[in-house]
Amino acid sequence: MIKYFTDIFTGIWSLILGMSVTLKNMFSRAVTLQYPKQRAAMTARYRGMVELRKEKCIMCMQCVKICPGSCLHLKFSVGGDTKRVLESFGYASQLCCFCGFCEEVCPTQAIFMNKDYEVAVIDDRKLLHVDLLKGYDGLSWYCRADKPVFKK
């Protein structure tokens, strides 16, 4: 008989605890975002895809040498006035381990890791060889996080 009343009391107490959690969360602010209309801002330490500020690049090859995945490919030529001219700067994102070594070693901060996290593609060959001189905006699959995806 005592077990019967103990079970009833335990059930009622469990119901009260559950309802208190429900009531507490019912009147608090929502923590979810309505993605894709709302997007979360990335933290300062987030490392996304590699990008290049081509006007700052001095073609020192430090980023290419330190990359553990060998995902950066830099080609330059020396002009008549012994000035280096950047011909191509390739990035194979499938090989990248997003370690950030290239960003750390660059003396002019020409190469950096962006904060974009929407880089899913159906055809993975589009990500295999990205020309950093053109950037990602020229690619049909790429959409910056600060630009809306859907038009109203």
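Conventions we followed
Residues numbered from 1 in each chain as written. Predicted model: local features only at pLDDT ≥ 70, side-chain atom pairs only at ≥ 80, totals over all residues. Heavy atoms only, no water. Pairing = 2+ DSSP bridges. Helix = DSSP H or I, 4+ residues; strand = E, 2+ residues; numbered from the N terminus. Core = buried A, V, L, I, M, F, W, Y, C linked by side-chain atoms within 4.5 Å. Buried < 20%, exposed > 50% of the residue type's maximum accessible area, 1.4 Å probe, protein only. Contact = heavy atoms within 4.5 Å. Phe/Tyr/Trp six-rings, centres within 6.5 Å; stacked < 30°, edge-to-face > 60°. Lys NZ or Arg CZ within 6 Å of the ring centre and 35° of its normal.

**Quick look at the sheet that holds strand S5 (residues 130-131)**
Spatial ordering of the open sheet is given by S2-S3-S5, a layout of 3 strands whose pairing is antiparallel. The open sheet has two edge strands, strand S2 (72-78) and S5, and neither has a second partner. When S2 meets strand S3 (residues 84-91), the two strands line up antiparallel, connected through 7 bridges. Residue pairing in the sheet places His-73 in a bridge with Gly-90 of S3.

**A few points about the nonpolar core**
Formed by 24 residues in total, the largest nonpolar core has its most connected members in Val-50, Leu-52, Leu-72, Phe-89, Tyr-91, Ile-111 and Leu-132. Per-element tally for this core: the top contributor is S3, with 3 residues. Ignoring any residue separated from it by four or fewer positions in sequence, one finds Ile-111 in contact with Val-50, Glu-51, Cys-63, Leu-72, Phe-89, Cys-102, Glu-103 and Cys-106.

**Examining the packing of aromatic side chains**
A full pass over the atoms with the stated rule returns 1 aromatic pair. Seen in terms of ring centroids, Tyr-4 and Phe-5 are 5.5 Å apart; in terms of plane orientation they differ by 70°. Their pairing is edge-to-face. If you follow Arg-53 out to its NZ or CZ, it ends over the ring of Phe-112, 4.2 Å from the centre.

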